[in-house]
Amino acid sequence: MVIAVLLMLSGPGMAQTYSIVIKGGHIIDPKNNIDGVMDLAIKDGKIALVAKSIDEKEGKQVIDARNMYVTPGIIDIHVHVFNGTKYEQALMNGPNSVGPDEFSFRAGVTTFVDAGSSGWRGFQDFKKQTIDISQTRVLAFLNIVGEGMRGGPFEQNIKDMEARKTAEFAKKFPAEIVGIKLAHYVGHEWAPTDSTVEAGRLTDLPVMIDFGGSEPPLSLEELLMKHLRPGDIFTHAYAYWPKTREAPVDENGKVKPYIFEAQKRGIIFDVGHGGGSFFWSQAIPAIRQGFIADAISTDLHTGSMNSGMKDMSNLMSKFLNMGLSIQDVIMRSTWNPAKIIKRTELGNLSVGSEADVAIFNLGKGDFGFLDITGEKMEGTQKLIAELTIRAGKIVWDLNGIAGSEMKKY
Ligand SMILES: [Zn+2]
């Protein structure tokens, strides 16, 4: 009996320890200070081991990642994925939101955070028709407006911005709701901002503020220094709409001093590129002077998907070509966003974490990158998502690096 068991364990049919072993890739895992060529093994949907060398015989499937970067699955904290059939409802269960799986894995993304497409009234539909059935992990900022991003008068209705009601609702969905969002408000009252922050306080969640479009603009300094709390997020960091929104960079290309003060007091900035919110005239001088958004995020929707934004890997490439190191770009797309949304189990490759992994090729050549005005920045490097793993399952494989050898035909 004992002999039979030993034979089974050591025979040619011996079960491998890991479902996947990724060999020879350059792992960048900012949380764990890993930055070098290492192997990574996955078992039961979780990260099982990160080590200098893991025997490939231990893997049912072996992926050769030499000359590629292996990173935690990318987290994009500003997207709109409440796609639906209500044609007059814009981003809220309407045609301007996109489906998550259509844009995530092909760019290395495993977690999308919807930025307020839904308020409390529409959230259960959002959960049922998108969050619960997507392969992509979908989390959400709940809009302070009960009706969500339906456009038009709905997002201007202060009566529908109820802090207590929004907070009570958000508390019922702690697995999905990671913050509260305000956007698109054009009045001059601070009430919408303050109600959003109040809902954030009641839930102990961060808020994300799209500072609307008040003409003349409200004071950005007042927002960042007086109304927001440390940990709250100002989105569209590199937007330039001088008539309706004060920009962080002044007319002479200088970052306003209070922006650095705000960062020091813990205010978070995310990119939120979108179809109208990313200008080279802002981003390049800002980054040169050290004002770098904490999170690289796309503001994905139908108005940005085919514009200068394109997808997360293209946006990350813009930051590489503006001079950030790849380590820094990965940090601002994985571990930083995980911390910002207080989901520190995500955005890292710690043993025991859900195995969300991206493998990137760094293409070298002549590339061009557009901002929202159509100005092109030339660049020499471009991140290409080769393979994406979500919860231990390969969900994207651009060139078949995990494929089996083709038979003779
Ligand atoms: Zn948005």
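Keep in mind it's a predicted model, so treat the numbers as computed, not measured.

Enquirer: Help me understand the coordination of the zinc ion, please; the structure alone is not making it clear to me.
Expert: Octahedral metal centres with six donors ideally show angles of 90 or 180 degrees, and tetrahedral centres with four donors ideally show 109.5 degrees. At the metal site, the zinc ion is ligated by His78 (NE2), His80 (NE2) and Asp299 (OD), and these contacts range over 2.1 to 2.4 Å. The sequence pattern describing where the donors of the zinc ion fall on their chain is H-x1-H-x218-D. For the pair His78 and His80, a shared accessibility class is recorded, and that class is buried.

Enquirer: Please explain the sheet that holds strand 6 (residues 74–79) as it appears in this structure.
Expert: Strands pair in a sheet through their backbones, by hydrogen bonds, and they do so in one of two ways: parallel or antiparallel. The strand order across the open sheet built from seven strands is 6-7-8-9-10-11-12, with neighbouring strands paired in parallel fashion. Because the sheet does not close on itself, it has two edges, and the strands there are strand 6 and strand 12 (268–270). Direction aside, the axes of adjacent strands within the sheet are offset by 25° on average. In terms of strand pairing, strand 8 (residues 137–143) meets strand 9 (residues 177–182) through four bridges, oriented parallel. Its bridge partner being in strand 9, Phe141 is matched across the sheet by Gly179.

Enquirer: Could you clarify how one ought to interpret helix 3 (residues 163–171) in this entry?
Expert: Buried residues of helix 3: Ala163, Thr166, Ala167, Phe169 and Ala170, and no others. Buried residues in helix 3, looked at end-on, bunch into an arc of 165°, giving them a common side. Turned more than 90 degrees from where helix 3 packs its buried face, Arg164 and Lys171 sit exposed. Where helix 3 is buried, its residues contact helix 2 (123–131), strand 8, strand 9 and helix 4 (191–203).

Enquirer: Would you take a moment to explain the packing of helix 5 (residues 220–227) against helix 6 (residues 257–264) for this structure?
Expert: When two helices pack together, their arrangement is given by the angle between the helix axes and by the axis-to-axis distance. As a packed pair, helix 5 and helix 6 sit with axes 10 Å apart at the nearest point and diverge in direction by 20°. Between helix 5 and helix 6, the angle falls in the class roughly parallel. Remark: the crossing between helix 5 and helix 6 carries left-handed chirality. In contact with Leu220, Glu221, Leu224 and Met225 of helix 5, helix 6 contributes Tyr258, Ile259, Glu261 and Ala262. Considered class by class, the residues forming the contact of helix 5 with helix 6 number six nonpolar, no polar and two charged.

Enquirer: Whenever I open this one, the packing of helix 3 against helix 4 confuses me. Can you help?
Expert: The N-to-C vectors of helix 3 and helix 4 enclose an angle of 40°; their axes lie 8 Å apart at closest approach. Between helix 3 and helix 4 lies a crossing whose hand is right-handed. For the pair helix 3 and helix 4, the contacting residues are Ala163, Arg164, Thr166, Ala167, Ala170 and Lys171 in the first and Ser195, Glu198, Ala199, Leu202 and Thr203 in the second. Across the contact of helix 3 with helix 4, the residue classes tally to five nonpolar, three polar and three charged.

Enquirer: Looking at this model, I keep getting lost on the pattern of salt bridges. Mind explaining?
Expert: Applying the stated criterion across every chain yields a total of 19 salt bridges. With its nearest N and O atoms 3.7 Å apart, the salt bridge here joins Arg121 to Glu147. Note that Arg121 is positioned in the loop between strand 7 (109–115) and helix 2 and Glu147 in the loop between strand 8 and helix 3, a separation of 26 residues in sequence. According to the relative accessible area criterion, Arg121 is partly exposed, its value standing at 42%. Bridged by salt links that share partners, the residues Arg121, Glu147, Arg150 and Asp160 form one connected network.

Enquirer: Looking at this structure, how should I read the side chain of Arg390?
Expert: By the secondary structure assignment, Arg390 is in strand 14 (residues 376–390). Exposure remark for Arg390: the relative accessible area of 14% places this residue in the buried category. A polar atom in the side chain of Arg390 sits 3.4 Å from the side chain of Glu354. If we ignore the near neighbours within four places in the chain, the residues touching Arg390 are Phe105, Thr110, Gln135, Thr136, Arg137, Glu354, Ala355, Asp356 and Val395.

Enquirer: Would you explain the side chain of Asp76 in this entry?
Expert: Residue placement: Asp76 occurs in strand 6. Of the buried charged residues, Asp76 lacks a salt bridge, with Lys181 as the closest side chain of opposite charge at 11 Å. Looking at Asp76, its side chain comes within polar contact range of the side chain of Thr298, at 2.6 Å. Apart from the residues lying within four places of it in its own chain, the contact partners of Asp76 are Val109, Thr111, Phe112, Val113, Ser297, Thr298 and Met312.

Enquirer: How do you make sense of unusual backbone geometry when you look at a structure like this?
Expert: Excluding glycine, residues mostly carry a negative phi; peptide bonds, for their part, are mostly trans. Cis geometry is adopted by the peptide bond preceding Pro216, which originates at Glu215 and carries an omega value of 0°. Among the secondary structure elements, Pro216 is positioned in the loop between strand 10 (207–209) and helix 5. Unusually for a residue other than glycine, Ala391 sits at a positive phi of about 50°.

Scoring rules and cut-offs
Residues numbered from 1 in each chain as written. Predicted model: local features only at pLDDT ≥ 70, side-chain atom pairs only at ≥ 80, totals over all residues. Heavy atoms only, no water. Donors = N, O, S within 2.8 Å, 3.2 Å for Na, K, Ca; no water. Buried < 20%, exposed > 50% of the residue type's maximum accessible area, 1.4 Å probe, protein only. Pairing = 2+ DSSP bridges. Helix = DSSP H or I, 4+ residues; strand = E, 2+ residues; numbered from the N terminus. Axes fitted to C-alpha atoms, helices over the stretch in contact; angles between N-to-C directions. Arc of directions from axis to C-beta. Contact = heavy atoms within 4.5 Å. Parallel < 35°, antiparallel > 145°, perpendicular 65-115°, else oblique. Left-handed = near helix turned anticlockwise from the far one by under 90°. Nonpolar A, V, L, I, M, F, W, Y, C, P; charged D, E, K, R; others polar. Salt bridge = Lys/Arg side-chain N within 4 Å of Asp/Glu carboxyl O. Polar contact = N/O pair within 3.5 Å; in protein donor to acceptor, adjacent residues only side chain to side chain. Lys, Arg positive; Asp, Glu negative; His and termini not counted.

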